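# Architecture and fold: a report
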Amino acid sequence: GAGVSQSPSNKVTEKGKDVELRCDPISGHTALYWYRQRLGQGLEFLIYFQGNSAPDKSGLPSDRFSAERTGESVSTLTIQRTQQEDSAVYLCASSLVRGDYGYTFGSGTRLTVV
Amino acid sequence: DQQVKQNSPSLSVQEGRISILNCDYTNSMFDYFLWYKKYPAEGPTFLISISSIKDKNEDGRFTVFLNKSAKHLSLHIVPSQPGDSAVYFCAAINRGGGADGLTFGKGTHLIIQP
């Protein structure tokens, strides 16, 4: 597609359940990022994928968070045993190559844990 | 510990005048800086960037100034237009250190008054 597509756009889940968020980057973009924005905060880096290289997971806040990406295609971010503090907008971004920080962001998934 | 700070949560400017958005950072290893703009319910969009080897970068109505000694950057928008009303995020990265993720400020909500 023309832009970065994220689904679902909204997700309400009960505390303790697992959730899976999906990101479809721009075709041909080798770099893919996940960020989250909690209420009143700036964006927080979570994880970075570059082609088939090992991802940079340095921003993941706990081992309940994991992400996968196959090649240069779709990525999924999984949060296990969700907590209320996980409530945030989760944003995916892609760029053509590593080092191009003028990312294209998707519209995000608003996750609410109740 | 907030490494990128935008101390004004909001700013109101009259249409046609200059808008000046400010950003301070504490990490002297940051060597690349960006501004993103965000409308409600959309992902951020890249506006303009500057490398630490420069002190100014201009793109149309948008100019970013960097003062390394003061660890301060600013975004100037001249003239301000109604469509500029949005939240503006300052972001920084230590490219030379091999960092992959941007560090964002909390944002400034710019309101352009007719």
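Below you will find a few notes about this structure. Throughout this document, residue positions are counted from 1 along each chain, in the order its sequence is written. Throughout, the order in which chains and ligands are written sets their labels, letters from A for the former and numbers from 1 for the latter. Owing to the predicted nature of the model, reporting of local features is limited to residues with pLDDT of at least 70; listing and counting of side-chain atom pairs is limited to 80 or more, with chain, interface and lining totals taken over all residues. Side-chain metrics in this entry use all non-hydrogen atoms of the structure; hydrogen atoms and water are not considered.

## Brief notes about the sheet that holds strand E1 (residues 4–5) of chain B
Residue and element names in this part refer to chain B. In plain terms, the rule: Paired strands, in this sense, are two strands between which DSSP finds at least two bridges. Think of it this way: any DSSP run of H or I at least four residues long counts as a helix, any run of E at least two long counts as a strand, and we number them from the N terminus.
The five strands lie next to each other as E1-E3-E8-E7-E6, forming an open sheet whose pairing is antiparallel. Taken across any chain shown, the strands that pair with only one partner, and hence form the sheet edges, are E1 and strand E6 (56–59). Of the strand pairs in this sheet, E1 and strand E3 (residues 19–25) are connected by two bridges, and their pairing is antiparallel. Counted as the bridge partner of Val4 is Tyr25 from E3.

## Details of the environment of Leu91(A)
How we decide: Burial status follows relative accessibility: with a 1.4 Å probe on protein chains alone, a residue under 20% of its type maximum counts as buried, one over 50% as exposed, and anything between as partly exposed. Any two residues having at least one pair of non-hydrogen atoms within 4.5 Å are treated as being in contact.
Locating Leu91(A) in the fold gives a position in strand E8 (residues 88–95). Overall, Leu91(A) belongs to the buried group, its relative accessible area being 0%. Along the primary structure Leu91(A) and Arg36(A) are separated by 55 residues, whereas in three dimensions their C-alpha atoms are 5.7 Å apart. If near-sequence neighbours (up to four positions away) are discounted, Leu91(A) is found in contact with Gln6(A), Tyr33(A), Trp34(A), Tyr35(A), Leu43(A), Phe105(A), Gly106(A), Ser107(A), Gly108(A), Gly43(B) and Pro44(B).

## Overview of the interface of chain B and chain A
Applicable threshold: By convention, the term buried area covers the 1.4 Å-probe accessible surface removed from two parts as they join, with the contributions of both added. Only one rule defines a salt bridge in this text: a Lys or Arg side-chain nitrogen within 4 Å of an Asp or Glu carboxyl oxygen. Definition of a polar contact: a pair of N or O atoms within 3.5 Å, with one able to donate and the other able to accept a hydrogen when the atoms are protein atoms, and with sequence-neighbouring residues admitted only if both atoms are side-chain atoms.
On the side of chain A, 18 residues touch chain B, which itself brings 20 residues to the contact. With both chains or domains summed, chain B and chain A bury close to 1500 Å², and 58% of this area falls on carbon and sulfur atoms. The interface formed by chain B and chain A holds one salt bridge in total. Asp100(B) is paired through a salt bridge with Arg98(A); the nearest N and O atoms lie 2.6 Å apart. Here chain B and chain A share five residue pairs in polar contact (both at pLDDT 80 or more) between them. For the side of chain B that touches chain A, the secondary structure elements donating two or more residues are strand E4 (32–38) and strand E9 (86–93) of chain B.

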